Amino acid sequence: FPDVCVPFPRLHQTLSCLVEQKCRLGLITNGTRASQDRKIDGLGIRSYFNVVLISEAEGIRKPDPRIFHRVLQELDVSPENVVFVGDNPEADIHAAKDIGMKAIWRQDAYWPEPTNADAIMTHLYELPSILDTMNKSKKGLSPD
């Protein structure tokens, strides 16, 4: 499996950049533990994440808000300080928005574009730039 698992372009560079920027990273994925663990380890990305939640192991799956609240608790963060990235409009974007997170949709030809995403990206490596823009916008609105 590790030989056929293909990462998104600049995956490690992007995750390294986020970690260097002191982002706390969580991963929520639907699927079986065996399958998802093989994917995560095959891509060599587990060490970037502070928490990894796999639906089968948790007994709940996206879009159930409990799995989102669980990752928030594990990371010790509040939803308004979190940006969730996903490709599924219902299970990722709408679910994250419903509990107060910001949400970035990574375009996927399989899914229709969600109407409530805070940002849209074509490639994962666009994420640091999008987050920087979101942070500047947030600071621009703050009286501090």
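Before going into details, it helps to say that this report is about the structure given with it. (Residues numbered from 1 in each chain as written. Predicted model: local features only at pLDDT ≥ 70, side-chain atom pairs only at ≥ 80, totals over all residues. Heavy atoms only, no water.)

## What to know about the pairing of strand β4 (residues 102-106)
- Among the five residues in β4, four count as buried, and that is most of the element.
- As defined by bridge partners, strand β3 (residues 83-86) adjoins β4 across four bridges and the pair is classed as parallel. Counted as the bridge partner of F84 is A103 from β4.
- Regarding the hand of the β-α-β motif, the stretch spanning β3, helix α5 (residues 89-98) and β4 is right-handed.
- Note: β4 against strand β5 (residues 119-121), three bridges, orientation parallel. Paired with R106 across the bridge in β5 is M121. (Buried < 20%, exposed > 50% of the residue type's maximum accessible area, 1.4 Å probe, protein only. Helix = DSSP H or I, 4+ residues; strand = E, 2+ residues; numbered from the N terminus. Pairing = 2+ DSSP bridges. Right-handed = clockwise from strand over helix to strand, strands pointing away.)

## Some thoughts on the side chain of T29
- Tracing the backbone shows T29 in strand β1 (residues 26-29).
- If sequence neighbours within four positions are ignored, T29 has contacts with Q36, L53, I54, S55 and K62. (Contact = heavy atoms within 4.5 Å.)

## As for the nonpolar core
- Judged by nonpolar contacts, the single largest core of 20 residues is most densely connected at L15, I45, F49, I104 and L127.
- Broken down by secondary-structure element, the contributors of at least two residues to this core are α1 (11-20), α2 (33-43), β5 and α6 (127-141).
- Top contributing element to this core by residue count: α6, with four residues.
- One finds F68, L75, A96 and M101 within the second-largest nonpolar core, a separate group that totals 18 residues. (Core = buried A, V, L, I, M, F, W, Y, C linked by side-chain atoms within 4.5 Å.)

## A short note on the sheet that holds β4
- If you walk across this open sheet you meet the three strands as β3-β4-β5, and the pairing is parallel. The open sheet has two edge strands with one neighbour each: β3 and β5. Put simply, the sheet's adjacent strands are angled 25° from each other on average, direction ignored.
- Contacts from α5 reach β3 and β4, with the element oriented near 160° to β4. (Axes fitted to C-alpha atoms, helices over the stretch in contact; angles between N-to-C directions.)

Note that all results are geometric; they support no functional claim without further evidence.
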